[in-house]
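# Examining the three-dimensional arrangement
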Amino acid sequence: MAKLEFIGVSKSYGRNVAVKDVDLVIADNEFFCIFGPPSCGKTTLLRLLLGLVQPDQGEIRINDQRVNALGPKERNLAMVFQNLALFPHMTAGQNLAFPLVERKIDKAEVARRVAAVAETLRIGKLLKKLPAHLSGGERQRVAIGRALVREPAAFLMDEPIAALDARLREEMRVELKRLQRELKHTLVYVTHDQEEAMSIADRMAILEGGMIRQVGTPDEIYNHPQSRYVAELIGSPPMNFIKGTFDPAARRFRADTFGFETTIGLSAPGVAGGVTSFAIRPEDIVIREAADQGSGVVAEVYEIEPLGAYAIVDVNIGETILKVMVPGQPSYQLRQPIRLDFPAGKCHLFDGATGALIAGAA
Amino acid sequence: MAAIRLSHLTKKFGAFTAVDALDLLIPDKEFVALLGPSGCGKTTTMNMIAGIEQATEGQILFDDRDVRRLPPNQRDVGFVFQNYAIFTHMTVYDNLAFGLSVRKLARAEIDRRVREMAALMRLEDRLEWPSSKLSVNELQKVAIGRSAITEPAIFLLDEPLSNLDAAFRAFMRTELKHLQHQFQQTMVYVTHDQIEAMSLADRIAVMNLGELQQYGTPAEVYNRPRNTFVANFMGSPSMNLLPCRLIAEAGALCFGFGEAGRLDAGGDGAMQHRARAAAGAEVIFGVRPEDLEIAPPDGPGGLKGVVSFVEPVGPRTIVHLKLAEQTVKVAKEKRYKVSIGAAVRVTAPMAKCHLFDAASGEAIGLG
């Protein structure tokens, strides 16, 4: 049970800024993902929480108490590392008992706690096996169990399943989410895989260069990105961007490289115009017959990527290539003309210079 | 330009058989993916085509030419590996020009082709850069361009996109496919990623444990998997494979899923036929997540289930349902609303369902 807080936290290594001005509250019982590209400060945030490094500025709180001065052991947080790091020469049971034996807790108590954890995680039958004889999912349970026997306030995980193959990763994340719900522990989970973050997080934070760009539920992050950076980073296939200019008085966006103009609904008046990017997700673009009248633009089919359940239709309007996601197995011809519609409620507009959101989807 | 014919191709390392009697015809100008999990023999197969590895048995023909005795440099193949082997002390221009220089082409011709390739790969403004300054994404573009520029008869690619970030991978997929349509080279592409294989290839050879499981177009492999391995490997999330009981009652056939209920095979002629072919066997019922429908709990037909997990994965929402003894995944549109714990009914249109023999894993009645 733990609420975890960063208040104005910064950390540099020499001239390298690892984390800058981070304010973040992770609620009790929350499955919280920290997501970002390599060296964006994700792992440093975990190390700061654990007490492995000290912040240059700001405060770290656990359950409303400042813990800056506390060492890792006194913070009572459990870390599960990448690749699970079980001792290969010890049985699952010995792995589970290890943190307790190391603390010289008496034998009867060790046995009691190992048995309790084994029951919670349903790994009682595996205790006599060596890690080499366990499946990936079983190993993950043992690794979590080894953290759990210490009765930590919260779990921290740094890409715990990144090394596994795709199919197994899919299974493991479901399992992990189920476990977290059952154990009712705060779990902070670092990943660079956006789909993984989206699928398991209650809420997530997106980092760039040590700074937090956005915090929200997966739904908020995916459907209401507050900056071009977040919009680009989240979603596969990625969001489409069309460069152009925006006239705030007329509320009109005009594309640079092809004839496309549209009215943008603004929630707040007084935004700057000028160079902007119009953005829409591949699954939100509607393909119609080229001969259809009305809104939208005419494009050509550039390539088709059939993926079974859906297809990605790459279309080009002159030099500009957009990705459109279509359910099922469509049968377009290469270079076939089609009409694209960009439904108003699904479009975003980002400032060309800062990448900040000017107008967002409904 | 060349067709590749592999006949009975076998590679043994000591007692271990990496590739087992592989027969495969890769037609001229086609893009063929060798797909499978690690250890399936896909890279060994490619290495034998390239001449890096010697076959233990079998034949490799490029058109009608037996190339088994030829060293790699006489086979007219181009390579791109996962770890782009490019010369970091050279400029992008010199890297692209390298293969043409060693072939002693005229300088004007080299210049023309380098600029053409740079334009295709969108590297025009990087030509004078030292390669050491390039990003990972750009390095791989140079590696692909450098190999493609020599226009080899056969182009071999071994997981060329697996080190790239997701957005760039999506971009490169499109560009690679476009490149192949323009160059019309025979391309053999090794990958463990079914999405890459589906989206890029004209044909996919699905391999497992050194053996060919199925060879067909992406649509064939996805829509008509020959066995449970292929059914499970293609698609994400993978096909629901549910052991069930074949029940014949009053002339009608249905599939029993214990306490969850039954699915009637009756409506669809093809499924009737398959179910009859399976009479007496233990069967596995297969249905893709996008083909299942979720309905209110109180209607007729379908299987009873409870929502156990909801995964928003961007463009889609994956709903996990707990049936009596099994779990199924259903793919719905994004922002699909359903709560964990909700009781629902799940129905499956029989025309989109599959049937496999539980013992052999082979598809039943596929013809």
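Since the structure is predicted, the reported quantities are computational estimates derived from the model, not experimental observations.

## Considering the environment of A:Asp256
Residues and elements named next belong to chain A. Mapped onto the elements of the fold, aspartate 256 is located in the loop between β12 (252-255) and β13 (261-263). Since its relative accessible area comes to 48%, aspartate 256 is described here as partly exposed. For the pair formed by aspartate 256 and valine 174, sequence separation is 82 residues and the distance between their alpha carbons is 44 Å.

## A look at the pattern of salt bridges
Opposite charge on two side chains allows them to pair when their charged atoms are near. All told, the structure shown has 38 salt bridges over all chains when counted by the stated rule. For A:Glu59, the salt bridge goes to A:Arg61, with nearest N and O atoms at 2.6 Å. We classify A:Glu59 as buried; its relative accessible area is 19%. Of the charged contacts in the structure, one is a salt bridge between B:Arg122 and B:Glu175, with a shortest N-O distance of 3.7 Å. Separated by 53 residues along the polypeptide, B:Arg122 in the loop between α3 (107-120) and α4 (136-148) and B:Glu175 in helix α5 (residues 166-183) bring together distant segments of the chain. B:Arg122 gets classed as partly exposed once you look at its relative accessible area, which sits at 39%. Overlapping salt bridges, with partners in common, bring together A:Glu109, A:Arg112, A:Arg113 and A:Glu151 in one network.

## Overview of the domain arrangement of chain B
All names here are of chain B. Taken as a whole, chain B is organised into domain 1 (4-233) and domain 2 (240-357). Relative placement of domain 1 and domain 2: their C-alpha centres are 39 Å apart. Across the boundary between the two partners, domain 1 contributes 7 residues, which contact 6 residues of domain 2. Interface area, domain 1 with domain 2, both sides summed: about 600 Å², of which 61% is carbon and sulfur.

## What about helix α2 (residues 92-102) of chain B?
Residue and element names in this part refer to chain B. All of the buried residues in α2 are Val92, Tyr93, Asn95, Leu96, Ala97, Gly99 and Leu100. Elements in contact with the buried residues of α2: α3 and α4. Once α2 ends, the next one or two residues include lysine 104, with phi positive near 60°.

## Considering the packing of aromatic side chains
For the structure shown, the criterion picks out 15 aromatic pairs over all chains. On the numbers, 6.2 Å between centres and 50° between planes, the contact of A:Phe241 with A:Phe350 is tilted. Separated by 109 residues along the polypeptide, A:Phe241 in strand β11 (residues 240-247) and A:Phe350 in strand β20 (residues 348-351) bring together distant segments of the chain. Look at A:Phe241 and you get buried, because its relative accessible area is 18%. In this structure A:Phe350 comes out as buried when scored by relative accessible area, which is 0%. The ring of A:Tyr13 has A:Lys11 sitting right over it, with the charged end atom 5.3 Å from the ring centre. Across the ring face of B:Tyr222, the terminal group of B:Arg288 is positioned such that the distance to the ring centre comes to 3.8 Å.

## A word on the interface of chain B and chain A
Interfaces are frequently sized by the accessible area removed from exposure as the parts join. Contacts between the two partners involve 37 residues from chain B and, on the opposite side, 36 residues from chain A. Carbon and sulfur atoms make up 54% of the area that chain B and chain A hide from each other, which totals about 2,900 Å². Between A:Asp284 and B:Lys334 there is a salt bridge, and its shortest N-O distance comes to 3.0 Å. At the level of elements, α5, α6 (194-200), α7 (218-223), α8 (228-233), β16 (303-312) and β17 (316-322) of chain B are the ones that each hand at least two residues to the side of chain B that touches chain A. Here the side of chain B that touches chain A takes 9 residues from α5(B), the largest share from any one element. Of the residues that constitute the side of chain B that touches chain A, the class distribution is 16 nonpolar, 11 polar and 10 charged.

## Some details on the sheet that holds strand β4 (residues 57-62) of chain A
All names here are of chain A. Here we have 4 strands laid out as an open sheet, ordered β2-β1-β4-β5, and antiparallel in their pairing. One side of each edge strand has no neighbouring strand; the edge strands of this open sheet are β2 (16-26) and β5 (65-66). Sheet contacts for helix α1 (residues 42-50): β1 (4-13), β2 and β4; angle to β1, the most-contacted strand, approximately 115°.

## Concerning the confidence of the model for chain B
One rule of thumb: low pLDDT means the predicted coordinates there are not for detailed reading. The share of residues in chain B with pLDDT of 70 or more is 98%, and the mean pLDDT across the chain is 90. In the predicted assembly, ipTM is 0.85 and pTM is 0.87.

## A short note on unusual backbone geometry
Cis geometry is adopted by the peptide bond preceding A:Pro237, which originates at A:Ser236 and carries an omega value of 0°. Secondary-structure assignment places A:Pro237 in the loop between α9 (228-233) and β11. Following B:Ser236, the chain continues into B:Pro237 via a peptide bond in cis, with omega recorded as -5°. For A:Arg251, which is not glycine, the phi torsion reads 55° and is therefore positive. Within the secondary structure, A:Arg251 is located in the loop between β11 and β12.

## Overview of the nonpolar core
In terms of nonpolar packing, the biggest core is built from 51 residues, with B:Leu96, B:Val114, B:Leu176, B:Ile204 and B:Met234 touching the most fellow members. Excluding its chain neighbours within four sequence positions, the residues that come into contact with B:Val114 are B:Tyr93, B:Leu96, B:Ala97, B:Leu127 and B:Ile149. Listed in part, the 44 residues of the second largest apolar core include A:Val80, A:Ala92, A:Leu100 and A:Ala143.

## Let's talk about the domain arrangement of chain A
Residue and element names in this part refer to chain A. Each assigned domain of chain A is listed with its residue range as follows: domain 1 (4-229) and domain 2 (232-359). Its C-alpha centre places domain 1 at a distance of 38 Å from the equivalent point of domain 2. Residue-level contacts link 14 residues of domain 1 with 15 residues of domain 2. The contact between domain 1 and domain 2 buries some 1,300 Å² in all, and 58% of this surface belongs to carbon and sulfur atoms. Counting across the domain 1 and domain 2 interface gives 1 salt bridge. As a salt-bridge pair, glutamate 232 and arginine 228 come within 3.4 Å of each other at their nearest N and O atoms. At the junction of domain 1 and domain 2, the tally comes to 9 residue pairs in polar contact (both at pLDDT 80 or more). At the level of secondary structure, the elements contributing two or more residues to the side of domain 1 that touches domain 2 comprise α7 (194-200), β9 (203-208), α8 (218-223) and α9. It is α8 that provides the largest number of residues to the side of domain 1 that touches domain 2, a total of 3 residues. Grouping the constituent residues of the side of domain 1 that touches domain 2 by class yields 9 nonpolar, 4 polar and 1 charged.

## A look at the packing of helix α3 (residues 92-102) of chain A against helix α4 (residues 107-120) of chain A
Residue and element names in this part refer to chain A. Contact pair α3 / α4: the axes reach a minimum separation of 10 Å and the direction vectors enclose 145°. Between α3 and α4 lies a crossing whose hand is right-handed. In contact with Leu96, Ala97, Leu100 and Val101 of α3, α4 contributes Val110, Arg113 and Val114. Its residues assigned to classes, the contact of α3 with α4 shows 6 nonpolar, no polar and 1 charged.

## Some thoughts on the sheet that holds strand β7 (residues 154-158) of chain A
The pairing of strands in a sheet comes from backbone hydrogen bonds and takes either a parallel or an antiparallel form. Residues and elements named next belong to chain A. Overall, mixed pairing links the 6 strands, which are arranged β6-β7-β8-β3-β9-β10 in an open sheet. Two strands in the sheet have a free side with no partner beyond their single neighbour: β6 (77-80) and β10 (211-216). For this sheet, the mean angle separating the axes of adjacent strands, direction not counted, is 20°. Where strand β3 (residues 31-35) and β9 come together, 4 bridges link them in parallel fashion. Looking at the pairing, isoleucine 34 lines up with alanine 205 of β9. Against the sheet, helix α6 (residues 166-183) contacts β3, β7 and β8 (186-191), and its axis sits at roughly 135° relative to β3.

Reading guide: rules and limits
- Residues numbered from 1 in each chain as written.
- Chains lettered and ligands numbered in written order.
- Predicted model: local features only at pLDDT ≥ 70, side-chain atom pairs only at ≥ 80, totals over all residues.
- Heavy atoms only, no water.
- Helix = DSSP H or I, 4+ residues; strand = E, 2+ residues; numbered from the N terminus.
- Buried < 20%, exposed > 50% of the residue type's maximum accessible area, 1.4 Å probe, protein only.
- Salt bridge = Lys/Arg side-chain N within 4 Å of Asp/Glu carboxyl O.
- Domains from an automatic or database assignment.
- Contact = heavy atoms within 4.5 Å.
- Buried area = accessible area lost by both parts, 1.4 Å probe.
- Phe/Tyr/Trp six-rings, centres within 6.5 Å; stacked < 30°, edge-to-face > 60°.
- Lys NZ or Arg CZ within 6 Å of the ring centre and 35° of its normal.
- Nonpolar A, V, L, I, M, F, W, Y, C, P; charged D, E, K, R; others polar.
- Pairing = 2+ DSSP bridges.
- Axes fitted to C-alpha atoms, helices over the stretch in contact; angles between N-to-C directions.
- pLDDT = per-residue confidence, 0-100.
- Core = buried A, V, L, I, M, F, W, Y, C linked by side-chain atoms within 4.5 Å.
- Polar contact = N/O pair within 3.5 Å; in protein donor to acceptor, adjacent residues only side chain to side chain.
- Left-handed = near helix turned anticlockwise from the far one by under 90°.

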